[in-house]
Amino acid sequence: MYGWRGRLGLIVPSSNTTMEMELHNYLPEGLSLHTSRVPLRNIAEEELIKMNTLAVESAKLLRDANVELILYGCTSCSFIGGKDYEKELEARIEDEVKVPVISTSTAVVEALKILDAHSVLVVTPYTDEINQREKEFLEANEFEVLDIRGLGMEDSAQIGKLEPYEAYRLAKASFIDEADAILISSTNWRTFEIIEALEEDLSIPVVTSNQASLWLALREMDVMEKIPELGRLFREY
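Residues numbered from 1 in each chain as written. Predicted model: local features only at pLDDT ≥ 70, side-chain atom pairs only at ≥ 80, totals over all residues. Heavy atoms only, no water.

A few words now on the overall build of the protein. When its secondary structure is counted, the protein shows 12 helices and eight strands. Here the protein has a C-alpha radius of gyration of 16 Å; the compact-globule value for 237 residues is 18 Å, and the two agree. Along the three orthogonal principal directions, the C-alpha set of the protein runs to about 50 × 40 × 30 Å. Out of the 237 residues in the protein, the part that is buried amounts to 57%. Considering only intrachain contacts with a sequence separation of at least 6, the fraction spanning at least 24 residues in the protein is 75%. (Helix = DSSP H or I, 4+ residues; strand = E, 2+ residues; numbered from the N terminus. Rg over C-alpha atoms; globule rule 2.2 N^0.38 Å. Buried < 20%, exposed > 50% of the residue type's maximum accessible area, 1.4 Å probe, protein only. Contact = heavy atoms within 4.5 Å.)

Turning to the nonpolar core, a few remarks are in order. Core analysis: the largest hydrophobic core is formed by 85 residues, its most contacted members being Ile70, Leu112 and Ile184. In terms of residue count, the dominant contributor to this core is helix H11 (residues 209-220) (six residues). Not counting the four nearest positions on each side in its chain, Ile70 is found in contact with Gly9, Ile11, Ala59, Leu62, Val97, Val99, Pro100, Val101 and Ile102. (Core = buried A, V, L, I, M, F, W, Y, C linked by side-chain atoms within 4.5 Å.)

Turning our attention to helix H10 (residues 195-202). What H10 keeps buried is the set Ile195, Leu198, Glu199 and Leu202. Mapping the buried residues of H10 onto a view down its axis gives an arc of 100°, with all of them on the same face. Lining the buried residues of H10 we find helix H9 (164-174), strand S7 (181-184), strand S8 (206-208), H11 and helix H12 (232-236). Looking one or two residues beyond H10, the residue adopting positive phi is Ser203, at roughly 60°. (Arc of directions from axis to C-beta.)

Turning our eyes to something else, we now look at H11. The terminal C-alpha atoms of H11, which comprises 12 residues, lie 16 Å apart, in line with the 16 Å expected from a rise of 1.5 Å per residue. Among the 12 residues of H11, 11 are classified as buried, and the element is accordingly described as predominantly covered. Those residues of H11 lying buried are Ser209, Asn210, Gln211, Ala212, Ser213, Leu214, Trp215, Leu216, Ala217, Leu218 and Arg219. Positive phi appears at Asp222, one or two residues downstream of H11, with a value of about 60°. (Expected span 1.5 Å × (residues − 1).)

Judged by pairing direction, the sheet is parallel, and its four strands sit side by side in the order S6-S5-S7-S8 without closing on themselves. Because the sheet does not close on itself, it has two edges, and the strands there are strand S6 (144-150) and S8. Across the sheet, the mean angle separating the axes of adjacent strands is 20° when strand polarity is ignored. Where strand S5 (residues 119-124) and S7 come together, four bridges link them in parallel fashion. When the bridges of S7 are listed, Val123 appears paired with Ile184. (Pairing = 2+ DSSP bridges. Axes fitted to C-alpha atoms, helices over the stretch in contact; angles between N-to-C directions.)

Here it is as structure tokens:
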């Protein structure tokens, strides 16, 4: 039986081609990943909010697979409404399907907190408008955003084509000594290959949307596996 150690349900935007692959490639033995999708083509506020209204139906399909936890795998859609929006979204889905739910934004906040990061640098593929929403969300959760840089991209499918080295180079170009951590935001941007190198080169923790999501999901499922390639978060916590 697949999932003898635990079954993780994942909801992703329909255009996301990265998150389930990264999670599947690093999922500890005995765990299984089961994915449902919700329509989204563009990382724009109106589409993100519309996607959230459809999430319950996707969650119901995952419930049929007897998953133990549902991960709502979209960074921007879970912070778009500001502080506590992601908690309200999680609660709404959980109330309907009676399965525990966490979101990527919750995972990012928890990861930064456990790493004792107060001042963060943020790099994203997003437009300035979405970056501003993320900055407001992080500041509402009591982080200082020293700088936030994006690639100005709205087409989610194109974000999925970005190479990991592009995340590395943008993060390194953004670095300043005052930073406690770097956040690479977007579940559709491949990052797992560059986390370890970036931490070694800059000597600060790196948090990415998919890494934080996997970390919190495993911890919520009482799976304490260490995955050194995924940075300090997985080595120490």
